[in-house]
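Inside the fold
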Amino acid sequence: MAEFFNSQYLGDYFHYIIFALIIWTLIQCARGIVFDDKIVAINQILGMLVCIVIILMIGFRPPTAAYGDTINYSEGFQRLAANKDAIPLFKWSKEWLFSNITNWFAKFGDIHGYFLCFATLYVSSLWLALRRIFSEYNFVPLLVVMSMFTFWMYGVNGVRNGVGASLFILAMAYTDNIPAMIVIALLGAGVHNSVYLMIAAAALAWFINDSRLYVALWLLCIIVSLLLGNQIQEWMAGYADSIADDNKLTGYLTMTEQQMRSEGMIVSTTFRWDFIAYSGLGVGIGSYFLWRRKFIDDYYQWIFNTYLICNAFWILIIRAPYSNRFAQISWFILPLVLIYPFMRERFWVNQERMLAASILLFYAYGFYFNMLPLLLN
């Protein structure tokens, strides 16, 4: 199986698959049949097949630098596997679930079983979450999630970040079972500590649900970040170093451009208005449905507020070299903010075409960053 997927172009194939599915869905929307029972049944099967293919592509990818941090995960895994007898059966750490899965596969498995495990957690958690939230109408939300311009990247590069966020999205689907929601969210934090920010944001939004307050906070954070610049990162780095004792977070916030170049990274440390615009899609769409269309739904308001809090935090540190890892925390929630109202209530006579326009708007970034370069080449 690994030999079949031994290619440096798996990411390109993934983007072609998503592009084809976008076209398939837009045709359904244009014909007004996307919510027809027969089409919904076909799309359910198609969605499951696509999930399986993507899990296999991510899980059996070759451990090379063509897939970003995959090479680092592989090298760390091989170092552990070289001394299997010294690997403990369980070890407590801040990211205990990630560490123990790594240890278990290094002791008893192989590199592709290891990658396949995280690929399964990454993709199937999202599928199950969307299945619970949207029932049989989960295909379009699943496609919107996978059309994020960062989806593939966080399956093969920022693996822990992606898996942790996926588990948190799954946790958000268990509002009818609070103990299960808490356990799944903590499992996500056990893969990547950034999930604690998502948990804190969700807890705050659970008890304080005034969306206008959070929109105002989001706008204020843009102004503050513009005015104070790197000072916010320096303050947070000092806090992480002296109080939270988090050397990794400190490194994320303080790495210089020279250090990045020495590690072979090219990362912008400017104020990214393009990413603000991308994040602003969620703010604009959520505000439109809540206040202009009078969409009353407590669950949607909770999702929207959680997104605003997480994204506002990222805006404050937008110039940090690794700020994309904090942006992704909120961007994983963004597809839900976009698609949820369309799947819950009919606002227009031609709602299917409005859905098509929204899908195109959201996919624009994925097309520009991922698909357009392939088409031009």
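Each residue is numbered by its place in its chain's sequence as written, counting from 1. Note on the predicted model: pLDDT of at least 70 is required for a residue's local features to be given, and 80 or more for side-chain atom pairs to be given and counted; whole-chain, interface and lining totals, by contrast, use all residues. With hydrogens and water stripped out, all remaining heavy atoms of the structure feed into the side-chain values.

1. What to know about the overall build of the protein
By definition, any uninterrupted DSSP run of H or I lasting at least four residues is a helix, any uninterrupted run of E lasting at least two residues is a strand, and each is numbered from the N terminus. Assigned secondary structure in the protein consists of 19 helices and zero strands. In terms of C-alpha radius of gyration, the protein reaches 21 Å, essentially the compact-globule figure of 21 Å for 377 residues. Each of the three principal axes of the protein carries a C-alpha extent, and together these read 65 × 50 × 50 Å. Across the 377 residues in the protein, those meeting the buried criterion constitute 54%. By definition in these notes, contact holds between two residues if any of their heavy atoms fall within 4.5 Å. Contacts in the protein between residues at least 24 apart in sequence constitute 76% of all its contacts with a sequence separation of at least 6. Using a 1.4 Å probe, accessible areas were evaluated by the Shrake-Rupley method; residue-level cover was limited to the displayed protein chains. For the protein, the exposed area adds up to about 17100 Å²; of that, 64% sits on carbon and sulfur atoms. In the protein, 23 positive and 23 negative side-chain charges are present, and the distance between their average locations comes to 4 Å. Between the two quantities, the radius of gyration covers C-alpha atoms and the globule rule is 2.2 Å times the number of residues to the power 0.38. Exposure categories follow from relative accessible area, calculated using a 1.4 Å probe and restricted to protein chains: below 20% of the type maximum is buried, above 50% is exposed, and the middle band is partly exposed. Only four residue types enter the charge count: Lys and Arg as positive, Asp and Glu as negative, with His and the chain ends excluded. In plain terms, the charge of a residue is placed at NZ if it is Lys, CZ if Arg, CG if Asp and CD if Glu.

2. A closer look at the pattern of salt bridges
The term salt bridge refers to a pairing of a side-chain nitrogen on Lys or Arg with a carboxyl oxygen on Asp or Glu at a separation within 4 Å. Evaluation of the coordinates by the stated rule reveals four salt bridges. Between E95 and R160 there is a salt bridge, and its shortest N-O distance comes to 2.5 Å. On the criterion of sequence distance, the pair formed by E95 in the loop between α3 (70-81) and α4 (96-108) and R160 in helix α8 (residues 159-172) is long-range, its members being 65 residues apart. This pair shows no difference in class: E95 is buried, exactly as R160 is. Linking R132 and D176 is a salt bridge whose minimum nitrogen-to-oxygen distance equals 2.9 Å. Of this pair, R132 sits in helix α5 (residues 111-134) while D176 sits in the loop between α8 and α9 (178-191), and the two are 44 residues apart along the sequence. For D176, a relative accessible area of 61% gives the class exposed.

3. Looking at empty space enclosed by the protein
Of the two site types, the cavity is a set of points on a 1 Å grid over the protein atoms alone where a 1.4 Å probe fits but cannot get out, and the pocket is an open set with protein on both sides within 12 Å along at least five of seven lines, each lined by residues with an atom within 4 Å of a point. Grid points are joined across faces, edges and corners, and a volume is the space filled by probe spheres set on the points. On inspection of all chains with the given rule, the structure shows five cavities of 30 Å³ or more. Roughly 70 Å³ of volume is contained in the largest cavity. I58, R61, Y73, Y114, F115, F118, A119, Y122, Y154, G155, V159 and V163 are the residues that line the largest cavity. For the lining of the largest cavity, the secondary structure elements donating two or more residues are α5, α7 (153-156) and α8. Of all the elements, α5 adds the most residues to the lining of the largest cavity, at five residues. Across the lining of the largest cavity, the residue classes break down as 10 nonpolar, one polar and one charged. Under the convention adopted here, Pro, Cys and the residues Ala, Val, Leu, Ile, Met, Phe, Trp and Tyr are nonpolar, Asp, Glu, Lys and Arg are charged, and Gly plus all remaining residues are polar.

4. Remarks on the nonpolar core
Take the buried Ala, Val, Leu, Ile, Met, Phe, Trp, Tyr and Cys residues and link them wherever side-chain atoms come within 4.5 Å; each set so joined is a nonpolar core. Among the nonpolar cores identified, the biggest contains 130 residues, and Y114, V123, M146, F151, Y278, W314 and I333 are the most heavily contacted of them. For this core, the element with the highest residue contribution is helix α16 (residues 298-316), accounting for 13 residues. Contacts of V123, omitting those with residues within four sequence positions, involve C51, I54, I55, I58, M146 and F151.

5. Let's talk about the packing of helix α15 (residues 273-292) against helix α18 (residues 334-344)
Helix axes use the C-alpha atoms of the stretch in contact, all axes being lines fitted to C-alpha atoms, and the angles between their N-to-C directions lie in the range 0 to 180 degrees. Contact pair α15 / α18: the axes reach a minimum separation of 9 Å and the direction vectors enclose 30 degrees. Compared by their axis directions, α15 and α18 come out roughly parallel. The two elements α15 and α18 meet at a crossing, and its hand is left-handed. Here Y278, G282, I285, G286 and F289 of α15 come into contact with α18, specifically with L334, V337, L338, P341 and F342. By residue class, the composition of the contact of α15 with α18 is eight nonpolar, two polar and no charged. The cut-offs work like this: below 35 degrees is roughly parallel, past 145 is roughly antiparallel, 65 to 115 is roughly perpendicular, and the gaps in between are oblique. Working rule for handedness: look at the near helix, and if it is turned counterclockwise from the far one by less than a right angle, call the crossing left-handed; if clockwise, right-handed.

6. Things to note about the environment of F4
Mapped onto the secondary structure, F4 falls in the segment before α1 (10-31). Along the chain, F4 and G32 lie 28 residues apart, while their C-alpha atoms are 38 Å from each other.

7. Thoughts on the confidence of the model for the protein
For the protein, the average pLDDT comes to 91, and 91% of its residues sit at 70 or higher. Scored from 0 to 100, pLDDT reflects the predictor's confidence in each residue. Considering each helix and strand of the protein separately, the mean pLDDT is smallest for helix α14 (residues 257-262), with a value of 51, and largest for helix α6 (residues 139-146), with 98. Counting interchain partners and residues more than four positions distant, the pLDDT-below-50 stretch residues 261-266 has five contacts.

8. Quick word on the environment of V349
Structurally, the position occupied by V349 is in the loop between α18 and α19 (351-376). Overall, V349 belongs to the exposed group, its relative accessible area being 82%. For the pair formed by V349 and L97, sequence separation is 252 residues and the distance between their alpha carbons is 48 Å.

9. Brief notes about α5
Expected span of a helix: the number of residues minus one, times 1.5 Å. With 24 residues, α5 should cover 34 Å at 1.5 Å per step; its first-to-last C-alpha distance of 35 Å lies within 8% of that length. Within 3.5 Å is the distance limit for a polar contact, defined as a pair of N or O atoms, with the added protein rule that one can donate a hydrogen and the other accept it, and that residues adjacent in sequence qualify only through two side-chain atoms. Where α5 begins, the side chain of D110 points an oxygen toward the backbone nitrogen of H112, at a separation of 3.3 Å. Within two residues after α5, S135 carries a phi angle of roughly 55 degrees, on the positive side.

10. Some remarks on α15
One axis fitted to the seven residues ending at a residue, another fitted to the seven starting there: the angle between these axes is the bend at that residue. S279 marks the point of greatest bend in α15, at about 30 degrees. Looking at α15, one finds that the buried residues are F275, I276, Y278, S279, L281, G282, V283, I285, G286, S287, F289 and L290. K294, located one to two residues past α15, shows a positive phi value of around 55 degrees.

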